[in-house]
Amino acid sequence: MHVLYADDETTLQTLMKNQLEKLGHSVVVCPDGETAVAALEREPFDCLIVDLDMPGMKGAEVIQRATKIRPDMESVVITGKPDLQSALTAIENHVFAFVTKPCSFKQIKSLLSEVYHRLSRSRRLAALEHRVRQTDGDGQLVGEGEAMDRVRRVIEKVAPTDSTVMIRGETGCGKELVARAVHAASLRASEPMVSINCGALPENLIESELFGHVKGAFTGADNARVGLFEVADGGTIFLDEIGELPLTMQAKLLRVLETGDIRRLGNNQSKRVDVRVICATHRDLEKMVQEDQFREDLMFRINTFEVHVPALRERPEDIMPLAAHLLRRHRSDCDGADCFTDEAKSELLAHKWPGNVRELANVVEHAAILCDKLPIDAEHLPRHFSRRQLRSEIRDSGPMTIREMELLAIERAVERHGGDKKTAAEELGISVKTLYNKLNSAEEKAA
Ligand SMILES: Nc1ncnc2c1ncn2[C@@H]1O[C@H](COP(=O)(O)OP(=O)(O)OP(=O)(O)O)[C@@H](O)[C@H]1O
């Protein structure tokens, strides 16, 4: 770490510099407060170690100035004359530690190691936040048409209440983003919001993920674990794909929602939590209730307030503003819809977007990588996406029958959706059965 040591005692200055450098730190020593502040203004440090009682500017003032100049740095106070006022100043300025002289070098060494761990944790967190912003954006709900305006109005109404919210809409249409907007506009905004995809975990793990477990609760539970309901205490939990929750877990969730009490697996004591619940699904829960796949009582409990997020094809006016917004995640030089040529725009506007905004985000990311200089043209869109690409493939492959062209379009759609024939059929406007028939008859012909 880069350490700034401010102390007027010359013997300590030399000792600290030598010892800390032996530990691999680089150290700048300042004999008084004024030079320490000048050093802080000149270069960034990871940690400031400051003596309180120095001639001229006192250590307390150095700390006050340091918090403004280098807010990410940690400060350690050492003093030979501890008094209440300096301790209070240290607390007010969130100093990392307050050490009284004489202190052992072992003590300083271990303090610096704690500072190091705290700094690396907060840097890791900042890197993660940066990565999340790159994939999830800044949380802004883009959409200029009436459809998204309606969504925004509903969010505004429901957010300040503590109501459970159910967000419905197709895959990738922005349900999680809406959940985040509800949390951000709620009175709980400064508390955590945690998300879990109920379909992504096997049944035996989901209970421990939601409610936690004690050490030894099951084979492999080597340590106790805090569940997401506890992590979200005071804030919001977002239960994505609630329709995928196994029936046994539906019963347990209903009990928690009704009592507000959670119990870690393997523990017989319960704990009260204050968590707002937001759920989302692309499934038809009413139909699932009729088919006994979803508990009716749970559906009534979580369906207090419903927000419907329209599919992207139902709001074509949002396609280009969204494309420009998503492009900005990768290209800071994008300043609006002019970042796409007319041909690229017409390809984007003609597409049916069965994968909704997530599909658009993937297409835009692909184009951003291929395109060296904006604007993005149709040729930068994924091969399977672009109608122009399909047309040129048809042209380049020489004469083709209508049946062959049709087969090429089907194969491209299936490839585009990673083998998902149901979604490919939806996009092509044919039934899955027709799609299979066409592929099978082509295979038979080729055999
Ligand atoms: N209105 C919007 N404005 C800006 N970005 C959006 C919008 N809607 C969706 N996105 C972006 O599209 C991607 C998919 O959105 P999100 O994860 O919220 O969809 P989802 O409906 O929750 O998906 P799934 O059904 O798979 O859980 C995210 O990167 C999100 O930031």
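Note that the structure is predicted; figures quoted are calculated from it, not measured.

Calculation rules
Residues numbered from 1 in each chain as written. Predicted model: local features only at pLDDT ≥ 70, side-chain atom pairs only at ≥ 80, totals over all residues. Heavy atoms only, no water. Domains from an automatic or database assignment. Buried < 20%, exposed > 50% of the residue type's maximum accessible area, 1.4 Å probe, protein only. Helix = DSSP H or I, 4+ residues; strand = E, 2+ residues; numbered from the N terminus. Arc of directions from axis to C-beta. Contact = heavy atoms within 4.5 Å. Axes fitted to C-alpha atoms, helices over the stretch in contact; angles between N-to-C directions. Parallel < 35°, antiparallel > 145°, perpendicular 65-115°, else oblique. Left-handed = near helix turned anticlockwise from the far one by under 90°. Nonpolar A, V, L, I, M, F, W, Y, C, P; charged D, E, K, R; others polar. Near = heavy atom within 4 Å. Polar contact = N/O pair within 3.5 Å; in protein donor to acceptor, adjacent residues only side chain to side chain. Areas by Shrake-Rupley, 256 points an atom, 1.4 Å probe, with all protein chains shown as cover. Salt bridge = Lys/Arg side-chain N within 4 Å of Asp/Glu carboxyl O. Pairing = 2+ DSSP bridges. UniProt positions renumbered as here; feature names shortened; annotations may be inferred. Patch = residues over 30% accessible without salt bridge, like charges linked within 9 Å, V, L, I, M, F, W, Y side chains within 5 Å.

Our next topic: the domain arrangement of the chain. Assigned domains of the chain: these are domain 1 (2-125), domain 2 (146-310) and domain 3 (316-446). Taking only C-alpha atoms into account, the centre of domain 1 sits 45 Å from that of domain 2.

Attention now moves to helix α3 (residues 59-69). One full turn of an α-helix is made of 3.6 residues, so residues set three or four places apart face in the same direction. Within the sequence span of α3, burial applies to Gly59, Val62, Ile63 and Ala66. Burial along α3 is one-sided: seen end-on, the buried residues are contained in an arc of 100°. The secondary structure elements touched by the buried residues of α3 are α2 (33-42), β3 (47-51) and β4 (74-79).

Taken N-terminus to C-terminus, the directions of helix α17 (residues 402-416) and helix α18 (residues 421-428) make an angle of 130°; their axes are 8 Å apart at the nearest point. One way to sum up the angle between α17 and α18 is to call them oblique. Crossing of α17 over α18 shows right-handed handedness. Of the residues in α18, those in contact with Ala409, Ile410, Ala413, Val414 and Arg416 of α17 are Lys421, Ala424, Glu427 and Leu428. Within the contact of α17 with α18, the residues separate by chemical class into six nonpolar, no polar and three charged.

What surrounds the ligand is a group of 21 residues, the closest being Val142, Lys175, Glu176, Arg329 and Arg358. In the environment of the ligand, an oxygen atom lies 3.1 Å from a nitrogen or oxygen atom belonging to the backbone of glycine 172. In the complex, the protein chains occlude 92% of the 640 Å² of accessible area that the ligand would expose alone. Breaking the shell around the ligand down by element, the ones donating at least two residues are α5 (105-136), α7 (175-184), α13 (319-328) and α15 (356-370). Top element by residues in the shell around the ligand is α7. It accounts for three residues. Class assignment for the residues of the shell around the ligand results in seven nonpolar, six polar and eight charged. Composition of the shell around the ligand by domain shows at least three residues from each of domain 2 (146-310) and domain 3 (316-446).

Tallied over the full model, the rule gives 27 salt bridges. The residue aspartate 46 makes a salt bridge to arginine 123 at a minimum N-O spacing of 2.9 Å. Highlighted residues: aspartate 46 in the loop between α2 and β3 and arginine 123 in helix α5, separated in sequence by 77 residues. For arginine 188, the salt bridge identified is with aspartate 162, shortest N-O distance 3.0 Å. Pair noted here: arginine 188 is in the loop between α7 and β7 (193-197) and aspartate 162 is in the loop between α6 (146-158) and β6 (165-168), with a separation of 26 residues, a long-range link.

Now for the sheet that holds strand β10 (residues 236-240). Reading across from one edge, β7-β10-β13-β6-β14 is the order of the five strands in this open sheet, with parallel pairing throughout. Every interior strand has two partners, whereas the edge strands, β7 and β14 (305-308), have only one. Averaged over all neighbouring strand pairs, the angle between strand axes comes to 20°, with direction disregarded. Of the pairings in the sheet, the one linking β6 to strand β13 (residues 276-281) comprises four bridges and is parallel in character. The residue bridging valine 165 from the neighbouring strand is isoleucine 278, located in β13. Packing against the sheet, α6 makes contact with β6, β13 and β14, and its axis sits at approximately 155° to β14.

What UniProt calls "modified residue: 4-aspartylphosphate" (unreviewed entry) maps, in this numbering, to Asp51. Note on placement: aspartate 51 falls in strand β3. Contact partners of aspartate 51, with chain neighbours within four places excluded, come to Ala6, Asp7, Asp8, Gly59, Ile78, Thr79 and Lys101.

What follows covers a nonpolar patch on the surface. There is a patch of nonpolar side chains on the surface, built from Leu84, Leu88 and Ile91 and spanning about 330 Å² of accessible area. As for its position among the elements, leucine 88 is in helix α4 (residues 84-92). The class for leucine 88 is partly exposed, based on a relative accessible area of 37%.

The omega torsion across leucine 374 and proline 375 is 10°, close enough to zero to call that bond cis. At glutamate 241, a residue that is not glycine, the phi angle is positive and equals roughly 55°. By the element assignment, glutamate 241 lies in the loop between β10 and α10 (247-259). Owing to a relative accessible area of 13%, glutamate 241 belongs among the buried residues under this scheme. Although it is not a glycine, aspartate 292 sits at a positive phi angle of roughly 60°. By the secondary structure assignment, aspartate 292 is in the loop between α11 (285-290) and α12 (296-302). When its relative accessible area of 61% is taken as the criterion, aspartate 292 is described as exposed.

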